[in-house]
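# Topology and contacts: notes
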Amino acid sequence: MSAVALQMICVAALLGLAVLAIAISRSKISTAVIYGATLAVSAIAVAGALRGLLGGAGASTLTLPVGLPWLGAHFRLDALAAFFLVVVNLGGASASLYGLGYGHHDPAPHRVLPFFPAFLAGMHLVVLADDAFSYLLCWEFMSLASWALVMAHHREPGNARAGYVYLVMASFGTLALLLAFGLLAGPAGDYGFAAIRAAQHTPYAATLVLVLMLLGAGSKAGLVPLHVWLPLAHPAAPSHVSALMSGVMTKVAIYGFIRVMFDLLGQPGWPAGAVVLFLGSITAVMGILYAMMEKDLKRLLAYSTIENIGIVFVSLGLAMAFQANGLKAAAALAFTAALLHALNHSFFKSLLFFGAGAVLNATGERNMDKLGGLIHRMPFTSFAVLVGCVAISALPPFNGFVSEWLIFQAVLQSPELPQWTLKIMVPAVGAMLALAAALAAACFVKTYGVTFLGRPRSTAAEEAHEVDRFSLVAMFILAALCLLAGILPGLAIDALAPVATQILGGRMPAQAVQPWLSIVPIAESRSSYNGLLVMVFITASSSLAVYVIHRFASHALRRGPAWGCGFTDATPAAQYSSVSFAQPIRRVFGTLVFHARDHVTMPPPGDLRPARLRIELHDLVWSRMYAPIADAVGFLSMRLNRLQFLTIRRYLSLVFATLVTLLLVLAIWT
Amino acid sequence: MDVISDIIVQGVQMLLVLLLAPLLTGYVRKVKARLLRRQGASVFQPYRDLLRLLRKEVVLADNASWLFRVTPYITFAAVWVAAALVPTFATGLLFNWTADLIAIVALLGSARFFLALAGMDVGTSFGGIGSSREVMIATLAEPAMLLIVFCLALVAGSTQLSTVSHFLASSYVGLRVSLGMALVALFMVAIAENARIPVDNPATHLELTMVHEAMILEYSGRHLAMIEFGAYLKLLLYVSLIACVFFPWQIALYGTGALSYAIGAGAYIVKLALAGFLLALFETATAKMRVFRVPQFLGAAFMLGLLGTLLLFVSRSF
């Protein structure tokens, strides 16, 4: 059986499960059956995709007699698709495992169960599609399935609006993709990817395709300023679905971008790289600043996804710039870094969403300022989440650091670029990336510190309990993957080599042959990094320190109340909250970016009213870009409202007039 | 034979930083006291402080978790590994290729990450204020530091610290605008990272202006000893970094024999003494600034780093 056939069978199985779920979703065993079966199917798909990626058997194709008449639906599994299938199905498998436990707490399982396998099948199909028609159809199927999952808890405040904004943005994105593929297919209208790849595209069309892809795939991935739906929709779904949407679906969008810009369009040219670099760096910094200002745990994670998408796009932009100038090694480095960061992000973002789900389950709270002290009550969850926080903050020896390190190495290759625009731009982009990385660390100190450390700020947090075994296993597997990808990055980089070879015609040097499995992007004299040894050194020196201390120092230990400057019985509300923790950063960056203002109402002495602090934040993207559009649409629809109430005669004359005008336009045009 | 001497150099280096770190801090304190016309404590006082702290009991807050107890060791280990990768008296360290300058910055970042978490663990406002201000300073200092790294990497064609130092010591680089900017920026970052005046005051306790000390306020006994030791090491690390990159004179090049190692060690001690004196002089001559002036201070470092990097992107000879 060919590799792609195996994947299609997995898809069919997932769709079958979706149908089965409709039938049995009201019975008690439905959760176990559906998530268990999805887990099994995803595991098989991962194995198949890994074999396709590492086996080097080349692309395998399949044509199904469905879809457009005489055309059929084409599916193809090549190295690029295989890599993204690994990401999709690892995410799907871990989410199913988590769902085995988490799903039991769902108040309305029949609203989630049928759409969960359908959503996975949709993502699967997008990655496999080999003609524009199937691609768009599957893309829309994926969007609708995820929309249904966003609306699963439709009665909760804000979710209906989230679903509405998501639907509008997703339709807009699909429209952009439709136009992009229309341009690519050209007047001959051959929708197969093979034909598009072979065709010559004029620079004018290529520019338009870039813009449309940035609108279509970029809106799904969450590029600023098209990100507004993401922090609304991702947190609204149940937590394992949030993990899939944030950790995996954004990767499918990145897949679409890579497929079109690198594979179908061929050489995108360096100005395209400059545009992508610019948007990516803005996205990275804006995303993490939004996250820093946020106190809703799941929304914060969604904003942090925007940051990571920005990092991936910066790396892709670098790859485009290098590729356009024929710098093969540097292009392969930047491209591999982008893929590795996408993989890493799917690991730690899923882990963090699972952790947020566990907290939500145990306390019923998403607001960090009502949590605290969970490290005592949920020891395993808090450990796994700590690993995720360290990994996402790009700290060694975890995986987030490796991909960011590779991107910095790619930035350092850029003095070779001949264009002055890029020469000036790339260092500034590097500075923005460094800023985003430092802000990410600050943001996750806040997230972890306020949620898990300190004293509980509410009774719900005081009475929290550890989550079930399945959820814990899912979290710990992802935590282990974060560490493994961090200490053995050479293996992951080598696994990505077929993708780089397929897309760019070049690859990074083989890393597995380096001594001690260190990674060397270009040459050892330039730079190298060895996560394994860094971890060994840290472990060895901390063990040595612990040994010496426990051998020679005093063992005495006393528990006592914390030092509170004389106020020994301060309430837990006096602790630093997420808002107060973010205050210095809000003052430094917020005044510029969010027009942030603090208003303090201080009652006069003797007055017993409490003092009040009100914080004003303005989302400039929303108020400057979306609000005017929404106003214009509202205005126009009010004006056109009259058209609804015409007599039949007037309608007919309107239709006639339109027809005549169109025919006239056509006559003049040609 | 080569491997053995490599291991010896690396081992000596790791021990040397441990032994010298408290001395440097004690020396800076002594010079500061003398400049203020005080007698000051002995230069060996930090060693005594450490030993005294080790003998004391640990008082843990009721609410402290395991994270609070492991943080001192993680922090110390991360800083020590970072310090071991900075050449002090000789280049060509054995584990040079394990981690480059970017990784060293990130290792220091890990240490700070855990310290800031520990500051929030007990759940008092003091820890929170310290952590929150520490990460605010770090969000500006870290990018500035990375831009300095870019600057150095572009001049030397490598991010491996030992290679950079070897290159700058052995070939004629000359005076460069970009390196000058990087030096000033690195000095500013080092001041901020080590919680020195004018960014923070290492000598205050229980004042609302403090940052680092507020964060570790709940620590006592052996835990505090580890954190203090980590702080001493970090100061030594930054001084060594500035010395080996910008003033690599007499640093022993790889495989040049025992005599040059001895000369290198002597030169290193002289450099430390000079740097410590200059630091003390600078600290007595300036006043601490308000917390919200710090972003401007570090913003200047960030811009200097960016300008230096841009100059190098424009032309390698700046």
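As shown above, the structure is provided for reference.
The following refers to the structure shown.

The rules behind each value
- Along each chain, the written sequence defines residue order, and numbers are assigned to residues from 1.
- Just so you know, chain letters begin at A and ligand numbers begin at 1, following the order they were written in.
- For this predicted model, a pLDDT threshold of at least 70 governs which residues receive local features, and a threshold of 80 or more governs which side-chain atom pairs are given and counted, while totals over whole chains, interfaces and linings are taken from all residues.
- Side-chain metrics rest on all non-hydrogen atoms present in the structure, leaving aside hydrogens and water.
- Helix numbering and strand numbering both begin at the N terminus, where a helix is a DSSP run of H or I of at least 4 residues and a strand a DSSP run of E of at least 2.
- For the radius of gyration, the atoms used are the C-alpha atoms, and the globule rule reads 2.2 Å times the number of residues raised to 0.38.
- For every residue, the accessible area (1.4 Å probe, protein chains only) is compared with the maximum for its type, and the residue is labelled buried under 20%, exposed over 50%, or partly exposed between those bounds.
- Should any heavy atoms of two residues lie within 4.5 Å, those residues are counted as being in contact.
- Note on areas: Shrake-Rupley, 1.4 Å probe, and residue coverage restricted to the protein chains presented here.
- Charge counting treats Lys and Arg as positive and Asp and Glu as negative, with His and both chain ends excluded.
- Here the site of a charge means NZ on Lys, CZ on Arg, CG on Asp, or CD on Glu.
- Residues belong to a common nonpolar core when they are buried Ala, Val, Leu, Ile, Met, Phe, Trp, Tyr or Cys residues joined through side-chain atoms within 4.5 Å.
- Stacked, tilted and edge-to-face are the three classes applied to pairs of Phe, Tyr and Trp rings, where Trp contributes its six-membered ring and a pair requires centres within 6.5 Å; stacked means planes under 30 degrees apart, edge-to-face means over 60, and tilted covers the rest.
- Both a distance and an angle decide whether a charge sits over a ring: NZ of Lys or CZ of Arg must be within 6 Å of the ring centre and within 35 degrees of the ring normal.

Turning next to the overall build of chain A. Each helix and strand in chain A was counted, giving 24 helices and five strands. The C-alpha radius of gyration of chain A comes to 26 Å, within 12% of the 26 Å expected for a compact globule of 670 residues. Structurally, chain A occupies a C-alpha span of about 90 × 70 × 60 Å along its principal axes. Expressed as a percentage of the 670 residues in chain A, the buried residues total 58%. Restricting to contacts in chain A with at least 6 residues of sequence separation, those with at least 24 account for 79%. Of the roughly 26300 Å² of accessible surface on chain A, a fraction of 69% belongs to carbon and sulfur atoms. Between the mean site of the 40 positive side-chain charges and the mean site of the 27 negative ones, chain A shows a separation of 4 Å.

With that out of the way, let us pick up the nonpolar core. One finds Met123, Phe257, Phe262, Phe335 and Tyr448 of chain A together with Phe113 of chain B to be the most contacted residues of the largest nonpolar core, which totals 353 residues. In contact with Met123 of chain A, other than residues within four places in its own chain, are Val88, Met142, Leu244, Val248, Met249 and Val252 of chain A.

Here the focus is the packing of aromatic side chains. Residue and element names in this part refer to chain A. The full count for this structure, using the stated rule, is 29 aromatic pairs over all chains. Relative to Trp229, the ring of Tyr166 has its centre 4.8 Å away and its plane inclined at 20 degrees; by these criteria the two rings are stacked. In this pair, Tyr166 is assigned in helix α6 (residues 159-185) and Trp229 in the loop between α8 (203-221) and α9 (230-236), connecting sequence segments 63 residues apart. Classification of Tyr166 by relative accessible area gives buried; the value is 1%. Aromatic pair Phe383 and Phe476: ring centres 6.2 Å apart, planes at 10 degrees, arrangement stacked. Of the two residues, Phe383 is situated in helix α15 (residues 379-392) and Phe476 in helix α19 (residues 469-487); the sequence distance between them amounts to 93 residues. Looking at Phe383, the relative accessible area reads 39%, which means it is partly exposed. Residue Phe476 is classed as partly exposed on the basis of its relative accessible area of 30%. In textbook terms, an aromatic cluster arises when at least three aromatic residues are bridged by ring pairs, as seen for Tyr135, Trp139, Phe181 and Phe193. Residue placement shows Arg551 over the ring face of Phe552; its charged tip is 5.3 Å from the ring centre.

Bringing unusual backbone geometry into the picture now. Cis rather than trans, the peptide bond between Val224 of chain A and Pro225 of chain A has omega equal to 5 degrees. Relative to the elements of secondary structure, Pro225 of chain A occurs in the loop between α8 and α9. Backbone geometry places Ala394 of chain A, a non-glycine residue, at a positive phi of 60 degrees. Looking at where Ala394 of chain A falls in the secondary structure, it is placed in the loop between α15 and α16 (399-412). Overall, the relative accessible area of 11% leaves Ala394 of chain A in the buried class. At Gln250 of chain B, a residue that is not glycine, the phi angle is positive and equals roughly 70 degrees. Structurally, Gln250 of chain B can be placed in the loop between α9 (221-246) and α10 (258-285). Judged by its relative accessible area of 53%, Gln250 of chain B falls in the exposed class.

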